[in-house]
Amino acid sequence: MQHIAIGDYILVKDLSDEKLSKGGLILVDGQAQADSKASVIVSVSEKIEREQTEDNSRVKLEVGDTIYHSYHTGIHMKTEDDQKLRAVAISSVLCVVKK
């Protein structure tokens, strides 16, 4: 199933906050402590793609890029195929990691 962002939004899948201790225990960062969140882009809206092209933007957001955004921003969704996605406004993107 394909999920397509619209308007001023991108769809992202959050990267896990889980870390393993040396003893193999799962450690989860507390939400109150986190200021930003890393996520992978699943879909960029046509509007954002068009604006990036028209503005001749040096940094274009693309599917598969990792972004950082405010921890509590966006709208959480659980899709029919059990994916957990988040719709994030383009204005909430703090930075993008290009490989």
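See the structure shown above.
Just so it is clear, the model here is predicted, and its values are computed rather than measured.

Enquirer: Honestly, the overall build of the chain in this entry has me stumped. Any pointers?
Expert: Across its full length, the chain carries one helix and eight strands. Taking as baseline every contact in the chain between residues at least 6 positions apart, the subset at least 24 positions apart corresponds to 68%. Summing over all exposed atoms, the chain offers an accessible surface of approximately 7000 Å²; the carbon and sulfur share of this is 51%.

Enquirer: How should I be thinking about the environment of L11 in this particular structure?
Expert: In this structure, L11 sits in strand β1 (residues 9-14). Relative accessible area serves as the criterion here: at 8%, L11 is assigned to the buried category. Considering only alpha carbons, one finds L11 and S39, 28 residues apart in sequence, at a separation of 9.4 Å.

Enquirer: Help me understand the nonpolar core, please; the structure alone is not making it clear to me.
Expert: Nonpolar side chains in soluble globular proteins tend to end up buried together. Core analysis: the biggest nonpolar cluster contains nine residues, these being I10, V12, I41, V44, I48, L61, I67, V88 and V93. Listed by contribution, the elements that provide at least two residues to this core are β1 and β4 (36-44). If we skip the residues at most four places from it in the chain, V93 touches I10, I67, Y68 and V88.

Enquirer: Looking at this structure, how should I read the sheet that holds strand β5 (residues 66-70)?
Expert: Sheet strands associate in pairs through backbone hydrogen bonding, adopting either a parallel or an antiparallel arrangement. Read from one edge to the other, the open sheet built from six strands follows the order β6-β7-β1-β4-β5-β8, with strand pairing classed as antiparallel. Edge positions in the sheet fall to β6 (75-78) and β8 (93-97), since each of these pairs with one other strand and no more. Across the sheet, the mean angle separating the axes of adjacent strands is 40 degrees when strand polarity is ignored. Sheet topology note: the β4/β5 ladder contains five bridges and is antiparallel.

Enquirer: Help me understand the pattern of salt bridges in this model?
Expert: When charged atoms on two side chains of opposite charge get close, those side chains can pair. As enumerated under the stated definition, the model contains five salt bridges in all. In this structure, D14 and R86 form a salt bridge, with 2.7 Å as the shortest nitrogen-oxygen distance. One end of the pair, D14, is in strand β1; the other, R86, is in strand β7 (residues 84-89), and 72 residues separate them in sequence. What makes D14 partly exposed here is its relative accessible area of 28%. The partner of K78 in a salt bridge is D82, and the shortest N-O contact between them spans 3.9 Å. Residue K78 is classed as exposed on the basis of its relative accessible area of 58%. Look at D82 and you get exposed, because its relative accessible area is 56%. Where salt bridges share partners, they join E62, D65 and K98 into one cluster.

Conventions used here
Residues numbered from 1 in each chain as written. Predicted model: local features only at pLDDT ≥ 70, side-chain atom pairs only at ≥ 80, totals over all residues. Heavy atoms only, no water. Helix = DSSP H or I, 4+ residues; strand = E, 2+ residues; numbered from the N terminus. Contact = heavy atoms within 4.5 Å. Areas by Shrake-Rupley, 256 points an atom, 1.4 Å probe, with all protein chains shown as cover. Buried < 20%, exposed > 50% of the residue type's maximum accessible area, 1.4 Å probe, protein only. Core = buried A, V, L, I, M, F, W, Y, C linked by side-chain atoms within 4.5 Å. Pairing = 2+ DSSP bridges. Axes fitted to C-alpha atoms, helices over the stretch in contact; angles between N-to-C directions. Salt bridge = Lys/Arg side-chain N within 4 Å of Asp/Glu carboxyl O.

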